[in-house]
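Spelled out, the chains give:
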Amino acid sequence: MSLIILSEAGYIYGFGHFYRTSGICEKAEKEGRDAMMYLVGDDVAKENLKRSFVSFKDWHDPAVRSELISKDDTILVDSYHVDIKELEELQEIAGKMIVVDDNIRLDYHDMNILNPNYFAAYLDYPQDHGNTFYLGKDYTLLRDAFDEPVTRTTAEKVTNVLITMGGTDLKHMTVKAIDTIRSVSDDVSVHVVATNAYTDIDEIRSKIGPGDTLYSNVDADKMSELMRTCDFAVATAGGTSNELIKMQCPSALVVVADNQLLNTRYLSQAGCFDVIEDYAETVIKGLFSYEKRKAMADTLKAFSSTGSGKDLVMDIAFGK
């Protein structure tokens, strides 16, 4: 029995689907299970995603996927570039199939649907199409480093800030965030997570001071440490938001894809995060307030869950 993940990654695709499903492969490897991730990707992805379980294949090609997938395999599809017809074809050649969905993107039928977003339980999925649904906070897709709960103490003074804009940062928010933090205090250490896919990486490097750190190719252990120890974060609103919730890290989120809108609206209205839209400086400066960060951390603690979508996928693929 094997587990196969089908997705995409790159400069245009982003890296969100890779990061949220990579924890499944990592868990499978630790348990001695056979797992592989096939990605449609560009040179940026190939340079930045060198993992033992990653292979770049055009699995949309029927001839290619017929060589990759058999009835002995469970496949997990996390892609916005498949339609119902292709899902039907994939389900026909695999033993089992799980589809990751964020916003009822397709008219699914007779499939296992996993929505790992906190707001998923409030979506109006049709109940008469033969699907089995796994929805909400108990099915978040977190890497192993984020499994353990934390106990956060909110510091009165901000001394460390995390900036993590994912694989590309098309909105150049990293530079804006650094400049805003510097306008408030020169004493804050800025921890910037970036990749060589950033078109303004040289400008970012020029702004890194003696007390700051620029990280590349950060693994899950380091990212969880940064989220635990930094006073707040400026981050993208995708799967990273689930990691920030688990680490109880107050944050300002940037929406970089349409599929993040509903989750971000739900979480911000609940008081978990602030959202950066037109006035980034105002939102980021607001997180220097002890009262705001303390209220966010308390709300995040209440939202955090011990459930995991990884366990669900492993159970379906390999049995309990």
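Here is what the cut-offs are and how they apply
Residues numbered from 1 in each chain as written. Predicted model: local features only at pLDDT ≥ 70, side-chain atom pairs only at ≥ 80, totals over all residues. Heavy atoms only, no water. Helix = DSSP H or I, 4+ residues; strand = E, 2+ residues; numbered from the N terminus. Buried < 20%, exposed > 50% of the residue type's maximum accessible area, 1.4 Å probe, protein only. Contact = heavy atoms within 4.5 Å. Areas by Shrake-Rupley, 256 points an atom, 1.4 Å probe, with all protein chains shown as cover. Lys, Arg positive; Asp, Glu negative; His and termini not counted. Charge placed at Lys NZ, Arg CZ, Asp CG, Glu CD. Salt bridge = Lys/Arg side-chain N within 4 Å of Asp/Glu carboxyl O. Core = buried A, V, L, I, M, F, W, Y, C linked by side-chain atoms within 4.5 Å. Polar contact = N/O pair within 3.5 Å; in protein donor to acceptor, adjacent residues only side chain to side chain. Pairing = 2+ DSSP bridges. Right-handed = clockwise from strand over helix to strand, strands pointing away.

## Some words on the overall build of the protein
- When its secondary structure is counted, the protein shows 12 helices and 13 strands.
- Considering only C-alpha atoms, the protein reaches an extent of 60 × 40 × 35 Å along its principal axes.
- Here the protein holds 320 residues, and the buried ones make up 54% of them.
- Here the contacts in the protein between residues at least 6 apart in sequence split such that 59% fall between residues at least 24 apart.
- Of the roughly 14000 Å² of accessible surface on the protein, 47% is carried by carbon and sulfur atoms.
- Here the protein carries 33 positive and 52 negative side-chain charges, and the mean point of each set is 5 Å from the other.

## Let's talk about the pattern of salt bridges
- Summed over the entire model, instances satisfying the criterion amount to 18 salt bridges.
- For Arg-182, the salt bridge goes to Asp-212, with nearest N and O atoms at 2.5 Å. Taken together, the residues span a long stretch of sequence, with Arg-182 in helix H5 (residues 173–184) and Asp-212 in the loop between helix H6 (201–206) and strand E10 (213–216) at a distance of 30 residues.
- For Arg-182, a relative accessible area of 24% translates into the label partly exposed.
- Judged by relative accessible area, Asp-212 falls into the buried class, the value being 10%.
- Notably, a salt bridge pairs Arg-205 with Asp-202, separated by 3.1 Å at the nearest N-O pair. Placement of both Arg-205 and Asp-202 in helix H6 is noted, with a separation of three residues, approximately one turn of the helix.

## Digging into the side chain of Glu-243
- Relative to the elements of secondary structure, Glu-243 occurs in helix H8 (residues 240–246).
- In this view, Glu-243 contacts Leu-142, Arg-143, Phe-146, Met-223 and Met-227; residues no more than four positions away in its chain are not counted.

## Comments concerning the nonpolar core
- Counting residues in hydrophobic clusters, the biggest one holds 28 residues, and the most contacted among them are Phe-146, Leu-162, Leu-244 and Phe-273.
- Elements supplying a minimum of two residues to this core: helix H7 (220–229), strand E11 (232–236), H8 and helix H11 (290–303).
- With residues near it in sequence (within four places) discarded, Phe-273 still touches Ser-241, Leu-244, Ile-245, Cys-249, Ser-251, Leu-253, Leu-267, Ser-268, Met-296 and Leu-300.

## Details of the side chain of Asp-212
- A polar side-chain atom of Asp-212 sits 2.9 Å from the main-chain amide nitrogen of Val-190.
- With residues up to four places along the chain from it excluded, the contact list for Asp-212 reads Arg-182, Val-188, Ser-189, Val-190 and Lys-207.

## Examining the pairing of strand E1 (residues 2–9)
- Most of E1 sits out of view: eight of its eight residues are buried.
- Side chains Ser-2, Ile-4, Leu-6 and Glu-8 project from E1 onto one buried face, and the interleaved Leu-3, Ile-5, Ser-7 and Ala-9 project onto a second face that is buried too.
- With five bridges connecting them, E1 and strand E4 (residues 73–77) associate as parallel partners. Bridge pairing in E4 links Ser-2 to Asp-73.
- With seven bridges joining them, E1 and strand E2 (residues 35–41) adopt parallel strand pairing. The residue of E2 that forms the bridge with Ile-5 is Met-37.
- Since E1 and E2 lie parallel, the crossover through helix H1 (residues 16–30) that links them has a hand, and here it is right-handed.

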